[in-house]
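# Structural characterization, general
Below, each chain spelled out in residue letters.
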Amino acid sequence: MTASSQKLHFADAGEAADLAAFLARLIHYDRAAAVRLQAGGGVLAVFGRPPSFEVLAIRTARLEAIVGGEAGSDTPHTSAGAGALDATVSAGEFADTLDTARAAQTADGPEGRDRGLVITVPQAVTGPPWAGVLPPRGGWRRVNGLPGVDEVRGAVAAAVAEFRARDATLPEERRTRAERDRIGHEIWSRTLGDTGLPLRAVHAAQSLGFLRPVRALAAPSGIELLPRVAAAGLGSMAEPLALLAAGGWLRLRTPYGSIAVRTQGLSGGLSGLSVTPA
């Protein structure tokens, strides 16, 4: 089955909107960006690689079903299988498809919202090399020592301030792209405390909006819940941040998405991500 013959039925239009915002940020850094889509177990995982950060950014959304298959078929297929969908597509085309579907749903009013959000997967493209090397499917373990979210944001702010200060003091003859890249590489290759997580991963999380403040929503019972997924009953995300390790990878998990960085070796396959956007 080709990707372009498949349709994704999102369980929550709000999660699809969050995914569109994530794609827009990737496109901001690279107008020709591609993303790898993998679906299984009722979850769509979207992998992207913002230029210069040398990390993978990951966003997830729940699916009701994957629709399509045989010629002309509109039969819903279970998304329980790990190989239900695996395709690399243009981030721009995927974002346009989401925006078009959301606009049509809004135009249809309550009737459209009741049907949920359904989009056709864009035509597959030849993927960049990074798309063939993804984090492992499972085996993630917690890494201790991750600072709190305020300290993490502070580390990014301090690194940015240092870069600007050092750049400002460069003599004119050394104010070159190569020198600035050298300074940036030195700063962003440092690790966050004793965690082993490069600062570039935290910088990427900040730049993609993954470190923005979490605003709780009130559930009908009056219980305060985190946005989108928690309000949809997907379980507690009491921790705003967590650091996990598996198979030579580190993954910074946030309520809005994950940043994964390879520390050693090679690994691949559908990432063992939960249905929370982390």
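Figured I'd write up the structure that's included with this text. (Residues numbered from 1 in each chain as written. Predicted model: local features only at pLDDT ≥ 70, side-chain atom pairs only at ≥ 80, totals over all residues. Heavy atoms only, no water.)

### Quick look at the packing of aromatic side chains
If you walk through the whole model with that rule in mind, you get two aromatic pairs. A ring pair is formed by Phe 22 and Phe 210, whose centres lie 5.9 Å apart and whose planes are at 25°; its orientation type is stacked. Of this pair, Phe 22 sits in helix 1 (residues 13–29) while Phe 210 sits in the loop between helix 6 (199–207) and strand 9 (217–218), and the two are 188 residues apart along the sequence. Judged by centre distance (5.7 Å) and plane angle (85°), the rings of Tyr 29 and Phe 53 are edge-to-face. One end of the pair, Tyr 29, is in helix 1; the other, Phe 53, is in the loop between strand 3 (43–48) and strand 4 (56–68), and 24 residues separate them in sequence. Accessibility expressed as a relative area gives 5% for Phe 53, which makes it buried. Its end group placed over the ring of Tyr 256, Arg 212 keeps NZ or CZ at 3.5 Å from the ring centre. Across from the ring centre of Trp 140, 4.6 Å away, lies the NZ or CZ of Arg 251, which sits over that ring. (Phe/Tyr/Trp six-rings, centres within 6.5 Å; stacked < 30°, edge-to-face > 60°. Helix = DSSP H or I, 4+ residues; strand = E, 2+ residues; numbered from the N terminus. Buried < 20%, exposed > 50% of the residue type's maximum accessible area, 1.4 Å probe, protein only. Lys NZ or Arg CZ within 6 Å of the ring centre and 35° of its normal.)

### Some words on the layout of surface pockets
Approximately 550 Å³ is the volume found for the largest pocket. What lines the largest pocket is a set of 16 residues, and nearest its centre among them are Ser 52, Asp 181, Gly 184, His 185 and Trp 188. Listed by contribution, the elements that provide at least two residues to the lining of the largest pocket are helix 4 (149–168), helix 5 (177–188) and helix 6. Per-element tally for the lining of the largest pocket: the top contributor is helix 5, with six residues. (1 Å grid on protein atoms, 1.4 Å probe; cavity = no way out; pocket = protein on both sides within 12 Å on 5 of 7 lines; lining within 4 Å. Points joined across faces, edges and corners; volume = space filled by probe spheres on them.)

### Some points on the pattern of salt bridges
Any two side chains of opposite charge can pair if their charged atoms end up close together. Within this structure, the stated rule accounts for 18 salt bridges. A salt bridge links Asp 150 to Arg 153; the nearest nitrogen and oxygen atoms lie 3.1 Å apart. In this pair, Asp 150 and Arg 153 both sit in helix 4, three residues apart, roughly one turn of the helix. Of the residues examined, Asp 150 reaches a relative accessible area of 55% and is grouped as exposed. A salt bridge links Arg 166 to Glu 162; the nearest nitrogen and oxygen atoms lie 3.2 Å apart. (Salt bridge = Lys/Arg side-chain N within 4 Å of Asp/Glu carboxyl O.)

### Focus: the side chain of Glu 179
Looking at the secondary structure, you find Glu 179 in helix 5. With relative accessibility at 12%, the residue Glu 179 sits in the buried group.

### As for the nonpolar core
Core analysis: the biggest nonpolar cluster contains 58 residues, and Phe 10, Leu 44, Phe 94 and Leu 98 have the highest contact counts within it. It is helix 1 that contributes the most residues to this core, seven residues altogether. If sequence neighbours within four positions are ignored, Phe 10 has contacts with Ala 16, Leu 19, Leu 44, Ala 61, Arg 62, Leu 63, Glu 64, Leu 98, Leu 117 and Ile 119. (Core = buried A, V, L, I, M, F, W, Y, C linked by side-chain atoms within 4.5 Å. Contact = heavy atoms within 4.5 Å.)

### Quick word on the pairing of strand 4
The element strand 4 is largely enclosed, with a buried count of 12 among its 13 residues. As paired elements, strand 1 (residues 6–10) and strand 4 share five bridges and run antiparallel to each other. The partner of Phe 10 across the bridge, within strand 4, is Leu 63. Where strand 3 meets strand 4, six bridges bridge the pair, whose relative direction is antiparallel. (Pairing = 2+ DSSP bridges.)

### So, the packing of helix 4 against helix 6
Contact geometry for helix 4 and helix 6: axes closest at 10 Å, N-to-C directions at 100°. The angle between the axes of helix 4 and helix 6 places the two elements in the roughly perpendicular class. Touching Val 152, Arg 153, Ala 155, Val 156, Ala 159 and Val 160 of helix 4 are Leu 199, Val 202, His 203 and Gln 206, all from helix 6. A breakdown of the residues in the contact of helix 4 with helix 6 according to their chemical character gives seven nonpolar, two polar and one charged. (Axes fitted to C-alpha atoms, helices over the stretch in contact; angles between N-to-C directions. Parallel < 35°, antiparallel > 145°, perpendicular 65-115°, else oblique. Nonpolar A, V, L, I, M, F, W, Y, C, P; charged D, E, K, R; others polar.)

### Topic: unusual backbone geometry
Of note, Ser 52 is a non-glycine position whose phi angle comes to about 75°, a positive value. With respect to the element layout, Ser 52 can be found in the loop between strand 3 and strand 4. Phi is positive for Glu 54, close to 60°, though the residue is something other than glycine. On the secondary structure map, Glu 54 appears in the loop between strand 3 and strand 4. Since its relative accessible area comes to 43%, Glu 54 is described here as partly exposed.

Scope: geometric values only; no functional claims are made or implied.
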